[in-house]
Amino acid sequence: MTGTVYLVGAGPGAPDLLTLRAAKLLARADIVFHDALVHPGTVALAAQAETVAVGKRCGRHSTAQRFINKRLIDAAAKFAIVVRLKGGDPMLFGRADEEMRALEAAGIEYEVVPGITAALASAASLKRSLTLRGVSRSVALATFSRAPGSDEIREQVNADSLVFYMGRDSGVEIAQQLIDAGKPVSTPVAIVEACSTERERMLTLTLEELAAGDAQRWVDASQPSLLMIGEAFAARQLQVVRSADGMLVAA
């Protein structure tokens, strides 16, 4: 007999942004393998379970993916409910495919429980929509690659709203490449750090300022951050007009 492995999205940070399904699974789990950036309050929802940190942090010692895969397989042989708790959504930059393929090869049943990804939560914190009628009809969620010959920036510049995950240390390079690819230097940029948590901070600037390194002195290297680039993130200009019935409304 083997147990079931649940790949669960922990959301952007705040424990109360967890889905009900995820919270119920944590309350029933026998063992939880969690990412480094999962909020301690979220892990605490699995008070009855054995908890194991297997997260990856840029520039720090981390658990090899193949070892995580093996631990999930081994745990399923001993426990009924195994939770692999991933920051954000498991299917977006979470290496879920590698874990799913390993579980399939071992004949282990698994389910995926989605979570709120940081791009959506950051847009909510900024009070700026990722899509905006007449301004932004397309969104690209990306990570930045320094691979020689990579043309991804030129491909992404066509999206109206760009969101770069794990782009903290590459902000200057990302901005310069976007400018070189034709993005206006006045394009609004928002940086959201530690989204939805008590440590959340937000900075707004332009692509030109980002390329000049203005954000480097502000960003806390110990916190996760998101780069959001596009006209949809500009300061909102409200126009107050009088409606037909005499009421003042924002247009």
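Here the structure is a predicted model, which means the values were calculated and not measured. (Residues numbered from 1 in each chain as written. Predicted model: local features only at pLDDT ≥ 70, side-chain atom pairs only at ≥ 80, totals over all residues. Heavy atoms only, no water.)

A. Quick peek at the sheet that holds strand β5 (residues 110–113). Taken in spatial order, the five strands line up as β3-β2-β4-β1-β5 in an open sheet, and their pairing is parallel. Of all strands in the sheet, those bounded by a partner on one side alone are β3 (50–53) and β5. Taking each pair of neighbouring strands and ignoring which way they run, the sheet shows an average axis angle of 20 degrees. Relative to strand β4 (residues 81–86), strand β1 (residues 4–9) runs parallel, the two sharing six bridges. The partner of V5 across the bridge, within β4, is V82. Each of β1, β2 (31–34), β3 and β4 is contacted by helix α3 (residues 65–76), which is oriented at about 155 degrees to β4, the strand it contacts most. (Pairing = 2+ DSSP bridges. Helix = DSSP H or I, 4+ residues; strand = E, 2+ residues; numbered from the N terminus. Axes fitted to C-alpha atoms, helices over the stretch in contact; angles between N-to-C directions. Contact = heavy atoms within 4.5 Å.)

B. Seen up close, the packing of aromatic side chains. Under the criterion given, the structure shown has one aromatic pair. Between F93 and Y165, the ring centres sit 5.1 Å apart and the planes meet at 55 degrees, which makes this aromatic pair tilted. Of this pair, F93 sits in the loop between β4 and α4 (96–105) while Y165 sits in strand β7 (residues 161–165), and the two are 72 residues apart along the sequence. Geometry around W218 places R201 over its ring, the cationic atom sitting 4.3 Å from the centre. (Phe/Tyr/Trp six-rings, centres within 6.5 Å; stacked < 30°, edge-to-face > 60°. Lys NZ or Arg CZ within 6 Å of the ring centre and 35° of its normal.)

C. Seen up close, the pairing of β1. Most of β1 sits out of view: six of its six residues are buried. Along β1, one buried face is formed by T4, Y6 and V8 and the opposite face, lined by V5, L7 and G9, is buried too. Looking at chain direction, β1 and β5 are connected through four bridges and run parallel. Looking at the pairing, L7 lines up with V112 of β5. (Buried < 20%, exposed > 50% of the residue type's maximum accessible area, 1.4 Å probe, protein only.)

D. Focus on the nonpolar core. By size, the foremost hydrophobic cluster in this structure holds 22 residues, and its most contacted members are F164, L178, I191, L210 and I229. Look past the residues within four positions of F164 in its chain and what remains in contact with it is A142, T143, F144, I153, Q156, I174, L178, L226, L227 and I229. Listed in part, the 17 residues of the second largest apolar core include A46, I81, V83 and L85. (Core = buried A, V, L, I, M, F, W, Y, C linked by side-chain atoms within 4.5 Å.)

E. Representation of a nonpolar patch on the surface in the model. On the surface, a nonpolar cluster with roughly 350 Å² of combined accessible area is contributed by F93, V139, L141 and M166. For F93, a relative accessible area of 38% translates into the label partly exposed. (Patch = residues over 30% accessible without salt bridge, like charges linked within 9 Å, V, L, I, M, F, W, Y side chains within 5 Å. Areas by Shrake-Rupley, 256 points an atom, 1.4 Å probe, with all protein chains shown as cover. Salt bridge = Lys/Arg side-chain N within 4 Å of Asp/Glu carboxyl O.)

F. Quick peek at the environment of M202. Locating M202 in the fold gives a position in strand β9 (residues 201–206). The class of M202 is partly exposed, set by a relative accessible area of 38%. Sequence spacing of M202 and A190 is twelve residues, and the spatial spacing of their C-alpha atoms is 7.0 Å. With near-sequence residues (within four places) excluded, M202 lies in contact with S125, L126, I191, V192 and W218.

G. Examining the sheet that holds strand β10 (residues 225–229) more closely. Spatially, five strands are ordered β6-β7-β10-β8-β9 in an open sheet, and the strand pairing comes out mixed. The sheet is open, and its two borders are formed by β6 (139–143) and β9, each paired with just one other strand. The average undirected angle you get between the axes of adjacent strands in this sheet is 20 degrees. By the bridge criterion, four bridges tie β7 to β10 in an arrangement that is antiparallel. Following the sheet pairing, V163 is matched in β10 by M228.

H. Region of interest: empty space enclosed by the protein. On inspection of all chains with the given rule, the structure shows one cavity of 30 Å³ or more. Taken as a whole, the largest cavity encloses approximately 40 Å³ of empty space. Looking at the largest cavity, the residues that line it are G167, R168, G171, I191, L210, A215, Q216, V219 and L227. Taken together, the residues that form the lining of the largest cavity break down as five nonpolar, three polar and one charged. (1 Å grid on protein atoms, 1.4 Å probe; cavity = no way out; pocket = protein on both sides within 12 Å on 5 of 7 lines; lining within 4 Å. Points joined across faces, edges and corners; volume = space filled by probe spheres on them. Nonpolar A, V, L, I, M, F, W, Y, C, P; charged D, E, K, R; others polar.)

I. Seen up close, helix α1 (residues 20–28). Burial in α1 covers these residues: A22, L25 and L26. End-on view of α1: buried residues confined to an arc of 100 degrees, all on one side of the axis. Opposite the buried face of α1, by more than 90 degrees, sit the exposed residues L20, R21, K24 and R28. Buried residues along α1 sit in contact with β1, β2, α2 (40–43), β4 and β5. (Arc of directions from axis to C-beta.)

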